Amino acid sequence: MLNCLNIRFAGARGRGPRLFDMRPPRAAAVALMLAAGLATAVAPGKAAAEDASGYPSRPITFVVPSPAGGTSDVIARLAARKLSDKLGQSIIVENRAGANGYIGTMAVLRAPKDGYMYAVMSGSLHSFTPAMVNKMPFDPIDDFALVSRLAEYPYILVTSKNSPYNTLADLIKAGKDGKTELSYGSYGLGSSPHLITELLKLKTGMAATHIPYKGGGQSSGDLIGGQISFMFSSLPAATAQVKGGQAKALAITSAQRNPSFPNVPTVAETLPGFETTSWLGLGAAKGTPAYATDKIRNALIAISKDPEYITAMRGMSAEVKVDASAAEFHQYMASELAKWNEVVKEAKIPKQEE
């Protein structure tokens, strides 16, 4: 072991350097110290175990790649508070918006792979966007050390309060009669409302013109004002408008009716088998130690049984959803990406360049 380090001490009486000079006790002591240090350095199992037992020893950061106040941000902050209590360590939620979520996500991928920075992942960026673009600056699944989903939530089909359509069947009929020109809004080309509506069109044969907006605020405003016929909006984003009477809800995309809107039928009640939800989750840069991601996942599993946490999530029109393993999360993400790739292909939507 010492030979590989080429450790030599000067010999006595003019003789050339030799590996050890046993007469100077101090030199022998130094050699022993070096040997002990090297033994520690080459015992990764022990070092890893020590790291695992002490993790986390300092604050963790969750990066939300979207502005403050949105669905991702609010849910991430709720999860961070509960996880902080469980782990006994602070969790900082940091918003790094820009470039459709790329800026914040890339910051996580470029950070040290030590388990102290995680991206708040979303169905929008990791399922819908990859289906619509030829190339992303990162692999939406395989560049990440996956932890788990945090929550999932459905979309709700809404129209203006003065709309002539009172049911999904009414809307489909109007879209198929060849006389009515329907339009629908979205958060932008390739966004979840865009592709969910294209799926609806494929399933029903109805026609509707896509009106892409730069964000949810403008599209919601035009929906309320009647400038567009309808729109699929995430349930957390649309809850206030529907409950405030500014928008009319026709159907919801979950498999069962939502407890917050028990009188709103599911899309599947009209179109059996139609179901789609979006999700939020956590992932670190690929190469992050498994002991770190496992520790976070196990803490998520623990808090997922907390009635207060469940109630708070439902207050935001979301359901707690935690994966049992990284493999389970990976399988789910892969299936979602395959699903939306197929929708883009069948609807003949041109893929975009990034």
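Residues numbered from 1 in each chain as written. Predicted model: local features only at pLDDT ≥ 70, side-chain atom pairs only at ≥ 80, totals over all residues. Heavy atoms only, no water.

Draft legend 1. Molecular detail of helix 4 (residues 71-87). For helix 4, built from 17 residues, the straight-helix expectation of 24 Å at 1.5 Å per residue is met to within 8% by its first-to-last C-alpha distance of 24 Å. Residues Thr 71, Ser 72, Asp 73, Ile 75, Ala 76, Leu 78, Ala 79, Ala 80, Lys 82, Leu 83 and Leu 87 constitute the buried set of helix 4. (Helix = DSSP H or I, 4+ residues; strand = E, 2+ residues; numbered from the N terminus. Expected span 1.5 Å × (residues − 1). Buried < 20%, exposed > 50% of the residue type's maximum accessible area, 1.4 Å probe, protein only.)

Draft legend 2. How the structure looks around the pattern of salt bridges. Evaluated as defined, the whole model comprises eleven salt bridges. One salt bridge in this structure joins Arg 96 and Glu 94, with 2.4 Å as the shortest N-O distance. For Arg 96, a relative accessible area of 28% translates into the label partly exposed. Among the charged side chains, a salt-bridge network with shared partners connects Lys 82, Asp 306 and Glu 308. (Salt bridge = Lys/Arg side-chain N within 4 Å of Asp/Glu carboxyl O.)

Draft legend 3. Structural detail: the layout of surface pockets. There is about 1,100 Å³ of room inside the largest pocket. Taken together, 41 residues line the largest pocket, and the ones lying closest to its centre are Ser 66, Asn 100, Ser 124, Tyr 187 and Ser 191. Contributions of two or more residues to the lining of the largest pocket are made by helix 4, strand 3 (117-122), helix 6 (123-132), strand 4 (144-160), helix 9 (216-224), strand 7 (230-234), helix 10 (235-243) and strand 9 (277-285). At four residues, helix 6 tops the list of elements feeding residues into the lining of the largest pocket. Here the lining of the largest pocket is built from residues that sort into 16 nonpolar, 23 polar and two charged. In this structure, the second largest pocket occupies an estimated 260 Å³ of space. (1 Å grid on protein atoms, 1.4 Å probe; cavity = no way out; pocket = protein on both sides within 12 Å on 5 of 7 lines; lining within 4 Å. Points joined across faces, edges and corners; volume = space filled by probe spheres on them. Nonpolar A, V, L, I, M, F, W, Y, C, P; charged D, E, K, R; others polar.)

Draft legend 4. Representation of the packing of helix 8 (residues 192-204) against helix 13 (residues 326-346) within the structure. At a minimum axis distance of 10 Å, the contact between helix 8 and helix 13 shows a crossing angle of 60°. It follows that helix 8 is oblique to helix 13 by the angle criterion. For the crossing formed where helix 8 meets helix 13, the hand is left-handed. Within the contact between the two elements, helix 8 uses Leu 195, Ile 196, Glu 198, Leu 199 and Leu 202 and helix 13 uses Lys 339, Trp 340, Val 343, Val 344 and Glu 346. Looking at the contact of helix 8 with helix 13 residue by residue, the class counts come to seven nonpolar, no polar and three charged. (Axes fitted to C-alpha atoms, helices over the stretch in contact; angles between N-to-C directions. Parallel < 35°, antiparallel > 145°, perpendicular 65-115°, else oblique. Left-handed = near helix turned anticlockwise from the far one by under 90°. Contact = heavy atoms within 4.5 Å.)

Draft legend 5. Representation of the nonpolar core. Ranked by internal contacts, the top residues of the largest apolar core, which has 51 residues, are Met 121, Phe 138, Leu 171, Leu 182, Phe 230 and Trp 340. Ranked by the residues each element gives to this core, the list is headed by helix 13, at seven residues. Counting 33 residues, the second-largest nonpolar core is a separate cluster that includes Leu 78, Ala 80, Ile 91 and Ala 151. (Core = buried A, V, L, I, M, F, W, Y, C linked by side-chain atoms within 4.5 Å.)

Draft legend 6. Molecular detail of the packing of helix 4 against helix 11 (residues 290-303). Where helix 4 meets helix 11, the closest approach of the two axes is 10 Å, and the angle between their N-to-C directions is 105°. Classified by the interaxial angle, the pair formed by helix 4 and helix 11 is roughly perpendicular. The residues of helix 11 that touch helix 4, namely those facing Ala 79, Lys 82, Leu 83, Lys 86 and Leu 87, are Lys 295, Ile 296, Ala 299, Leu 300, Ala 302 and Ile 303. Among the residues making up the contact of helix 4 with helix 11, the classes are represented as eight nonpolar, no polar and three charged.

Draft legend 7. Here's a closer look at the packing of aromatic side chains. Using the criterion set out here, one finds ten aromatic pairs in the structure. Each ring, one from Phe 62 and one from Tyr 118, has its centre 6.1 Å from the other, and the planes form 85°; the classification is edge-to-face. Taken together, the residues span a long stretch of sequence, with Phe 62 in strand 1 (residues 60-64) and Tyr 118 in strand 3 at a distance of 56 residues. For Phe 62, a relative accessible area of 0% corresponds to the buried category. Tyr 118 gets classed as buried once you look at its relative accessible area, which sits at 0%. Summarising the aromatic geometry, the rings of Trp 279 and Tyr 332 are spaced 6.2 Å apart at their centres and angled 80° between planes, so their arrangement reads as edge-to-face. Residue Trp 279 is found in strand 9, and its partner Tyr 332 is found in helix 13; the two are separated by 53 residues along the sequence. Neither Trp 279 nor Tyr 332 differs from the other in exposure class; each is buried. Ring pairs connect the aromatic residues Tyr 55, Tyr 116 and Tyr 291, which therefore count as one cluster. Across the ring face of Tyr 332, the terminal group of Arg 149 is positioned such that the distance to the ring centre comes to 3.7 Å. Sitting over the face of the ring of Phe 261, Lys 243 holds its NZ or CZ atom 5.3 Å from the ring centroid. (Phe/Tyr/Trp six-rings, centres within 6.5 Å; stacked < 30°, edge-to-face > 60°. Lys NZ or Arg CZ within 6 Å of the ring centre and 35° of its normal.)

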